[in-house]
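Each chain, letter by letter, is given below.
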Amino acid sequence: MNSGSEPVTWELWCEQESLRRVTYCVFTLTTLINVAYDITAPINLEDRFGMPSHESQWAAKSEDEWNRSSQRHASAAPYCSAAAVADDIMSDEAQNIPSRIPAFGCHIIVSCLVQRIILFRKASPKDDAASAAMYHRFLRALRRWQRVWEREPSASLSPSSPHGPMLFNSTALLRLAYMRLVTDYSPVRQHLSWCDSIDVIEASIREVSQLTRGPDATRAALHACLALRVPVQLGFNVVARTSFWGWSVQHP
């Protein structure tokens, strides 16, 4: 990556941004694999590169158009990595919320939070004081991410948005994060994917800790209902023909 000491040409920027975006596409795919098959990503791609640039820069058709877009977004705060933004999101409420995060950046950050929540639930199954504190820290992070999402002008809850479905799919990952934060049911998903024995699958379901009625369980149930409402509104047949694998994971 360019160190910033020399002017970046459009050609060089395109090369660097392409590498950055392909890397983060791999990262978001590993997140979905983690969700679907309980396979943890082998490397931390979110630590390697800075955040992707704004979509208007990426969509520029000429160098002049790219220059104009770069000037409009020149004041955006640079981050050394997506992990650094996620750390800011998880910081205390007294800290400012990261600003001017682009649409793809929103998707990357919520993917990062989903992975952290899954690892947290695996590592901290007991309801001790430390786990409770981390739980509330994740809750705060998800609320702060929602505020970042709301600040994006192209934010939409429709998959047919003219700006694309990126931010719509990000809200699906947000709902998934709320559900995974309440309980770890990844062993069930793992057995459903790899096991043919109904008895083993039933046993894995029984081993999942029972939810206690309360605000946390209610919040997770609400997000589960919202996730189900999406394919209901669009039509199960349409979703099954066009977006089966991705939607079956992102919109559980």
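Anything mentioned here points back to the structure above.
Everything quoted here is computed from the prediction, not taken from an experiment.

S.K.: Help me get a handle on the packing of aromatic side chains, residues and values and all.
M.R.: Describing an aromatic ring pair means giving the distance of the ring centres and the angle of the ring planes. Tallied over the entire structure, the rule returns three aromatic pairs. With a centroid separation of 6.4 Å and 55° between ring planes, the pair formed by Trp13 and Trp58 is classed as tilted. With a gap of 45 residues between them, Trp13 in helix H1 (residues 10-37) and Trp58 in helix H2 (residues 55-58) connect regions that are remote in the sequence. Trp13 gets classed as buried once you look at its relative accessible area, which sits at 10%. Their ring planes at 45° and their centres at 5.4 Å tell us that Phe120 and Phe138 sit as a pair that is tilted. In this pair, Phe120 is assigned in helix H5 (residues 103-123) and Phe138 in helix H6 (residues 129-151), connecting sequence segments 18 residues apart. For the pair formed by Phe120 and Phe138, the shared burial category is buried. Three or more aromatic residues joined by ring pairs form one cluster here, namely Trp13, Trp58 and Trp66.

S.K.: Which residues make up the environment of Ala203, and what values do they have?
M.R.: Structurally, Ala203 is set in helix H9 (residues 198-207). Take Ala203: its relative accessible area is 30%, and that puts it in the partly exposed class.

S.K.: Outline the nonpolar core, supporting the account with residue identities and numerical values.
M.R.: Nonpolar side chains in soluble globular proteins tend to be buried together. Counting residues in hydrophobic clusters, the biggest one holds 47 residues, and the most contacted among them are Tyr24, Ile89, Ile109, Leu113, Leu142, Trp145 and Leu181. Looking at this core element by element, the count peaks at 12 residues for H5. Apart from residues lying up to four places away in sequence, Trp145 is in contact with Ile89, Cys106, Ile109, Val110, Leu113, Ser170, Thr171 and Leu174.

The rules behind each value
- Residues numbered from 1 in each chain as written.
- Predicted model: local features only at pLDDT ≥ 70, side-chain atom pairs only at ≥ 80, totals over all residues.
- Heavy atoms only, no water.
- Phe/Tyr/Trp six-rings, centres within 6.5 Å; stacked < 30°, edge-to-face > 60°.
- Helix = DSSP H or I, 4+ residues; strand = E, 2+ residues; numbered from the N terminus.
- Buried < 20%, exposed > 50% of the residue type's maximum accessible area, 1.4 Å probe, protein only.
- Core = buried A, V, L, I, M, F, W, Y, C linked by side-chain atoms within 4.5 Å.
- Contact = heavy atoms within 4.5 Å.

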